[in-house]
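# Residue-level structural notes
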Amino acid sequence: MKPANTEKKYTQLLIILLVNFVLSPFLRDNVGEIILSSLFLYAIIVIVRTFSLNKIFFRFYSAIAILAFCLNLIGRLGVAESWTVAFSFFIQSIYIIYLTVAIYLIARDVFLSKRVSIDNIRGSICIYLLIGFVWGLLYGIIASIDPQAFSQPIIVEEPFGEAFYFSFTTLTTLGYGDILPVSPLARMLTNLEAIIGQLYPSILIAILVSDYLAQRKK
């Protein structure tokens, strides 16, 4: 599968990720969450389709992405009645695979590109945001297995709960202190995310920006 000739493929994904941040407090109902998840799924699939991937791999990845969306849809519509530990663990594991592969493919495309464009920089920002979502899912899994892993519950009625909030305050090293990691595994993951949150934008994104500015001066 050959990559499509597009120069703004990450713009749409970045907009959708930012919309998720801005509108998520106002779209707490099932319909709103499903709409945001649908847009996110669409953007990821469209971007991955532009990469030079084996057709079988692309179909497999698409199946994983659609499975993640369907599991989320089942939970949102109440088909599973309540978020059991097993179902919560399964859906978050599928989402982690789905997003981690997306991060890898986008990073490979962005950082191995021979010429840095403004869209590459947008793609690197998307990676940063996706890292926050992946860590939020990891925190959700930990909290599902060990409810005492954090100083207060981060999973209440849904599998994500406050996990994403805690993830992004950790990634940005903001750390309000309202939620604290208690278990050794939770502490290790928060430390690792904080390190990534500091090094990734200060090194990798900074390199892309400097290369882009240097190209413009030529």
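Anyway, here's the lowdown on the structure attached to this text. (Residues numbered from 1 in each chain as written. Predicted model: local features only at pLDDT ≥ 70, side-chain atom pairs only at ≥ 80, totals over all residues. Heavy atoms only, no water.)

As enumerated under the stated definition, the model contains two salt bridges in all. The shortest N-O distance in the salt bridge between Lys 9 and Asp 109 comes to 3.2 Å. One end of the pair, Lys 9, is in helix α1 (residues 9-23); the other, Asp 109, is in helix α4 (residues 85-111), with 100 residues separating them in the sequence. A residue is classified by how much of its surface remains accessible, and Asp 109, at 23% relative accessible area, is partly exposed. Here Asp 119 ties to Arg 122 by a salt bridge, and the two come within 3.7 Å at their closest N and O atoms. Residue Asp 119 and its partner Arg 122 are located together in helix α5 (residues 118-145), separated by three residues, close to a single helical turn. (Salt bridge = Lys/Arg side-chain N within 4 Å of Asp/Glu carboxyl O. Helix = DSSP H or I, 4+ residues; strand = E, 2+ residues; numbered from the N terminus. Buried < 20%, exposed > 50% of the residue type's maximum accessible area, 1.4 Å probe, protein only.)

A separate point is the packing of α5 against helix α7 (residues 184-217). Running from N to C, α5 and α7 cross one another at 175°; their axes reach a closest spacing of 10 Å. Relative to α7, the element α5 is oriented roughly antiparallel. Considered class by class, the residues forming the contact of α5 with α7 number 20 nonpolar, five polar and one charged. (Axes fitted to C-alpha atoms, helices over the stretch in contact; angles between N-to-C directions. Parallel < 35°, antiparallel > 145°, perpendicular 65-115°, else oblique. Nonpolar A, V, L, I, M, F, W, Y, C, P; charged D, E, K, R; others polar.)

The subject of this paragraph is the packing of aromatic side chains. In this structure the tally under the stated criterion is eleven aromatic pairs. A centroid spacing of 5.3 Å and a plane angle of 80° characterise the contact between Phe 133 and Phe 168, whose relative ring orientation is edge-to-face. Taken together, the positions of Phe 133 in helix α5 and Phe 168 in helix α6 (residues 163-171) put the pair 35 residues apart, joining distant regions of the chain. The class for Phe 133 is buried, based on a relative accessible area of 13%. For Phe 168, a relative accessible area of 11% gives the class buried. Ring centres of Tyr 139 and Phe 166 lie 5.0 Å apart, and the angle between their planes is 65°; on these two criteria the pair is classed as edge-to-face. Here the residue Tyr 139 occupies a position in helix α5, and Phe 166 occupies one in helix α6, the gap between them amounting to 27 residues. Considered together, Tyr 139 and Phe 166 belong to a single accessibility category, that of buried residues. (Phe/Tyr/Trp six-rings, centres within 6.5 Å; stacked < 30°, edge-to-face > 60°.)

Moving on, we get to the nonpolar core. Counting residues in hydrophobic clusters, the biggest one holds 64 residues, and the most contacted among them are Leu 13, Phe 40, Tyr 98, Ile 106 and Phe 150. Where this core is concerned, the elements lending two or more residues are α1, α2 (30-49), α3 (55-76), α4, α5, α6 and α7. Residue contributions to this core peak at 15 residues, all from α5. With residues up to four places along the chain from it excluded, the contact list for Phe 40 reads Leu 13, Ile 16, Leu 17, Tyr 98, Leu 99 and Leu 130. (Core = buried A, V, L, I, M, F, W, Y, C linked by side-chain atoms within 4.5 Å. Contact = heavy atoms within 4.5 Å.)

A few words now on unusual backbone geometry. Look at Thr 173: it is not a glycine, yet its phi comes out positive at around 55°. Tracing the backbone shows Thr 173 in the loop between α6 and α7. Among the residues examined, Thr 173 registers a relative accessible area of 39% and is labelled partly exposed.

Let us look at the packing of α1 against α5. Two elements in contact, α1 and α5, have axes whose closest approach is 9 Å; the angle formed by their N-to-C orientations is 35°. As for the relative orientation of α1 and α5, their crossing is left-handed in sense. Residues Lys 9, Tyr 10, Thr 11, Leu 13, Leu 14, Leu 17, Leu 18 and Phe 21 of α1 form the contact with α5, whose own contacting residues are Asp 119, Arg 122, Gly 123, Ile 125, Cys 126, Leu 129, Leu 130 and Phe 133. Its residues assigned to classes, the contact of α1 with α5 shows eleven nonpolar, two polar and three charged. (Left-handed = near helix turned anticlockwise from the far one by under 90°.)

In a regular helix each residue adds 1.5 Å, so 15 residues correspond to 21 Å; α1 covers 22 Å between its end C-alpha atoms and thus fits that length. Along α1, the residues classified as buried are Lys 9, Tyr 10, Leu 13, Leu 14, Ile 16, Leu 17 and Asn 20. All buried residues of α1 fall inside an arc of 160° around its axis, so they share one side. (Expected span 1.5 Å × (residues − 1). Arc of directions from axis to C-beta.)

Turning to α7, a few remarks are in order. Spanning 34 residues, α7 covers 49 Å between terminal C-alpha atoms, matching the ideal 50 Å at 1.5 Å per step. Residue Tyr 200 marks the point of greatest curvature in α7, where the axis turns by about 40°; the proline Pro 201 follows within four residues. Among the residues of α7, those classed as buried are Ala 186, Leu 189, Thr 190, Glu 193, Gly 197, Tyr 200, Ile 205, Leu 208, Tyr 212 and Gln 215. (Bend = angle between axes of the 7 residues up to and from the residue.)

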